[in-house]
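Fold and contact review
Chain by chain, the residues run as shown.
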Amino acid sequence: MDVLQRRVILEDMVQYKLFLVQPDGTNSQQQTEEHLTHLVEEILAKVAPLLIQYIWQHQSFNLKYHPEKGGVPAHIGGSTQFGDNVEDEWFIVYLLQQITEAFPDLAARVEDNDGEFLLIEAADYLPKWLNPDTSENRVFFFRGELHILPCPSKSSPVGVSKDVVPNVAQALALLSTHPEACQASPKICSALRKRLEGYPEKIKSGLHRAHCFIPAGIAVVLAQRPDLVAPAVSAFYLRDPVDLQACRSFKTFPPDTRVLTSVTFTRCLYAQLQQQQFTPDRKSGFTLPPRSHPKYKAHELGMKLAHGFEILCSKCRLPSSEPDAPISCNPQWKGFMDSLKRNGYFRGELEGSARYKELTRSAENFFKQSVVSKSSASSPGEEALQLLHSCNPFNLEELKKQESQLPQEDSDSWLDITAQDLERMLQERSGGRADVGSQNSSSTKQKQHVGGTERRKETEGGKEEEGGGYSLVAVSQGMKSFLNAMSSHEGAELPWTSSTQPFSFDPDSMSSALDRLLGSKEEELDSDDLDDDDDDDDDDDDDDEGEEEEEEKEEKSSDHAQMNGTETLDGLRRYMDQMDQELMSTNIGQSFNLTNYNKAGLDNGSPRPSATDSLPTHRELEETEEEIQPLDVDLNLVTNLLESLSCQAGLAGPASNLLQSLGIHLPPNSDPS
């Protein structure tokens, strides 16, 4: 589908849709709407135990009915702006997975402004034909598993051609009739499962409890609505000079009523509040103790949080004195409560008990935010003011007595990440695939270049390299694999190792490729500058269908290809010989390490020459009739890479980025010189 025709999704927003896999075509639009609306209540009641305890960064998970429009069948769905906390987006992915598992007649789609971000997570294992242009309406959650509509092949005719964009109805029909063929490969599912690992326990582990000195009114509001901490932090984090004007007097939350209380943040919200430097206005009434004070952090956090709440409430009008209609008057409330009871939300608590009332109050708050229509929803500031005016007058002395009973606050050591922690996180993110490739390439290199490798391992740094768990041989082999890998106009592709992709070899394709390039002569190329125009031997099974036609064309043009290949090779040889002769009179050759072929001296036990001694003298050049000794490509490559890494001084640069992408990890330079 053309990019211009796609509906643009706002940045930091995720959209999700739930479709009926087998819609009843005999139902009228009204019946379909009633059925899907009832499903919304069932779904929200099913996931309510997870959603009630969750603190969202900006917007919560929400579902509502959407009628058929623009070829998209009637469905239920919503959108959530997750802001800086990307964990909100992945929590929604987990919810969709659980919903499709609990409701097998539903299939879910989810995307953000990056498109199919689920495929981005498993990009290393996607088939070659699957890209942003061919993935439209192909990726679904169905029965708790990821499904991707396949492309037809010789082994299986099921699927949709990669040149065709299926509509949602066609995709659902294929998903319903061939669910096994549409299921994603185990590697793709494993990559996605790894990203979702830890849920639902991660909900609690992602929270951070901290002690804060805040005005008593804020403490009362947060006791009933802990989720209001998110909009307050965002208001402070995104403040402007106009917002701070309301914080000069603090009419809503006077600072002289401050008490010490425990506030629950998400880690993202806590980091946003903690890392910002802010000095309060002198007229505000907030004064901070010295930094050496044991409660300085609690005072600073409370001051920032109070500014956020004051900014929120300053943008809202005072609530009306008329009390709101009780939530029991809402016609959807009774059905929602019945669904909660069927799903075991109250955990066997007796009706009327303190725990039962607490769970009911949490369910009411969730119902107001997620179930009722958006038109009747209030802003966070209005909700805070409503809670502040509806609750009983707080007892300041009673709140101060509770300070001694506060739970212990959590450590914020997770904010500090060392270089070793970052390296470990990057390695875990890569999945260890590249490390295996480095080991394999190292062993292969050792087998192919025994003589030169063993000589280098006998140097002073050889033992340190092996002891450090890395090998410079892997650097050389990794670079060669990268240069020999297939690339296209879309960019360079990193080489795959045998541990991640099955090895396949087609002798006929390989032979024809060599014939087209070199002609009939069995010769070798002396330069890496000759580009290989052949990319047929790297294609998937789909490209095998055109091999017969290509072979017929090759037979007709074999004579012409042989002549062109021979002429190209001879011309390249003459060009390189002439260039070498011209460079011999300069000092350029002294900057390279040469290969020494004086095997007689080595066999006699003479000391091994160094890289400098291997340079030919004037007398040796005359005796060999000015024969040019070949370069030690591996040694020059490694030397230049290490020099480039040293010049980066531990920062990001071309050498470290390239080695990192190849899965080669070198330790920092410990040589001060």
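Residues numbered from 1 in each chain as written. Predicted model: local features only at pLDDT ≥ 70, side-chain atom pairs only at ≥ 80, totals over all residues. Heavy atoms only, no water.

This brings us to the overall build of the protein. What the protein contains, in helices and strands, is 28 helices and 10 strands. For the protein, the proportion of its 673 residues judged to be buried stands at 36%. Total accessible area on the protein stands at roughly 40300 Å², and carbon and sulfur atoms take up 49% of it. (Helix = DSSP H or I, 4+ residues; strand = E, 2+ residues; numbered from the N terminus. Buried < 20%, exposed > 50% of the residue type's maximum accessible area, 1.4 Å probe, protein only. Areas by Shrake-Rupley, 256 points an atom, 1.4 Å probe, with all protein chains shown as cover.)

This part covers the nonpolar core. Grouped together as the largest cluster of nonpolar side chains are 65 residues, with contacts concentrated most on L51, F61, F91, L118 and L340. Residue contributions to this core peak at 10 residues, all from helix α1 (residues 29–52). Look past the residues within four positions of L118 in its chain and what remains in contact with it is W90, V93, V110, F141, L146 and L192. Grouped together as the second largest cluster of nonpolar side chains are 41 residues, A216, V221, F265 and F286 included. (Core = buried A, V, L, I, M, F, W, Y, C linked by side-chain atoms within 4.5 Å. Contact = heavy atoms within 4.5 Å.)

Another aspect to go through is the packing of helix α9 (residues 229–237) against helix α12 (residues 296–314). Where α9 meets α12, the closest approach of the two axes is 7 Å, and the angle between their N-to-C directions is 95°. What the angle tells us is that α9 and α12 run roughly perpendicular. The segment α9 lies against α12, with V229, P231, A232, V233, A235 and F236 engaging K304, L305, H307, G308, F309, I311 and L312. Considering only residue class, the contact of α9 with α12 consists of 10 nonpolar, 2 polar and 1 charged. (Axes fitted to C-alpha atoms, helices over the stretch in contact; angles between N-to-C directions. Parallel < 35°, antiparallel > 145°, perpendicular 65-115°, else oblique. Nonpolar A, V, L, I, M, F, W, Y, C, P; charged D, E, K, R; others polar.)

Before going further, it helps to examine unusual backbone geometry. Here the amide bond leading from Y199 into P200 is cis, since omega sits at 5°, within 30 degrees of zero. Among the structural elements, P200 can be located in the loop between α6 (186–195) and α7 (202–205). One non-glycine residue with positive phi stands out, namely R143, at about 55°. Its place among the elements puts R143 in the loop between β5 (139–142) and β6 (145–148). In this structure R143 comes out as partly exposed when scored by relative accessible area, which is 49%.

Take the environment of Q275 next. Structurally, the position occupied by Q275 is in helix α11 (residues 267–275). For Q275 and L415, which are 140 residues apart along the polypeptide, the C-alpha to C-alpha distance reads 9.5 Å.

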